[in-house]
Structures are given as C-alpha cells and as structure tokens.
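# What the coordinates show
If you want the building blocks of each chain, they are given just below.
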Amino acid sequence: EVLVEFGRLRLAWIAWLDPETQQLVPIVRHGDTQGQIPTVQVEDDGSASSRSPSAQAFREGSPYICNDLLADPNADA
C-alpha cells in the first residue's frame, strides 16, 4: 500500500516462490483493481511467463521497474 499510496506507483505486488511448481505466486498486491497479476513461471522453460520481467528479475536477483507497461517491449511476455 505504501508504494502505491506514497510512492506514486499504480501497482505493487509481492510474490512467494512455490518450490514445487517453480512459480512466483502473488500473495500481496495493491492497485490491482482487476485481479490481473498472474502466477509467473521462474524456470526458463521457453514459456511466455518464464520470459516475463518478473521471472527474469527473480532469476537475476535484481529489481525490474516498468514505468509504462504498454510501451515496454519486455512486458509483452
């Protein structure tokens, strides 16, 4: 909530890695009024989900900030 309310972000979420499925599963979200944050495949299995910025950020251990989802070519996945 703080990131959205005071950090002026439109959306913020935190996920948990499910060790059995290797998916990032959203556990807390704010600003997601339409419930559109999906689970994300972490292992690079060639799927669109595994190529997403969230999966790449998790594998690389670095943050990924997208300021314009519609204009970000990496967000297509």
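Being a predicted model, the structure only gives us computed values, none of them experimental.

Vacant regions in the atomic arrangement are exposed by a probe of water-molecule size rolled over the atoms. Considered as a void within the structure, the largest pocket measures approximately 1500 Å³ in volume. Secondary-structure elements contributing two or more residues to the lining of the largest pocket are β1 (12-18) and α2 (53-60). Residue composition of the lining of the largest pocket, grouped by class: 22 nonpolar, 10 polar and 4 charged.

Looking at the element boundaries, D18 is found in strand β1. Setting aside residues up to four positions removed in sequence, D18 forms contacts with Q23 and V25.

Bringing a nonpolar patch on the surface into the picture now. A cluster of nonpolar side chains, namely I14, W16, I27 and V28, defines an oily patch on the protein surface of about 420 Å² accessible area. With respect to the helices and strands, the residue I14 is situated in strand β1. For I14, a relative accessible area of 52% corresponds to the exposed category.

Rules behind the numbers
Residues numbered from 1 in each chain as written. Predicted model: local features only at pLDDT ≥ 70, side-chain atom pairs only at ≥ 80, totals over all residues. Heavy atoms only, no water. 1 Å grid on protein atoms, 1.4 Å probe; cavity = no way out; pocket = protein on both sides within 12 Å on 5 of 7 lines; lining within 4 Å. Points joined across faces, edges and corners; volume = space filled by probe spheres on them. Helix = DSSP H or I, 4+ residues; strand = E, 2+ residues; numbered from the N terminus. Nonpolar A, V, L, I, M, F, W, Y, C, P; charged D, E, K, R; others polar. Contact = heavy atoms within 4.5 Å. Patch = residues over 30% accessible without salt bridge, like charges linked within 9 Å, V, L, I, M, F, W, Y side chains within 5 Å. Areas by Shrake-Rupley, 256 points an atom, 1.4 Å probe, with all protein chains shown as cover. Salt bridge = Lys/Arg side-chain N within 4 Å of Asp/Glu carboxyl O. Buried < 20%, exposed > 50% of the residue type's maximum accessible area, 1.4 Å probe, protein only.

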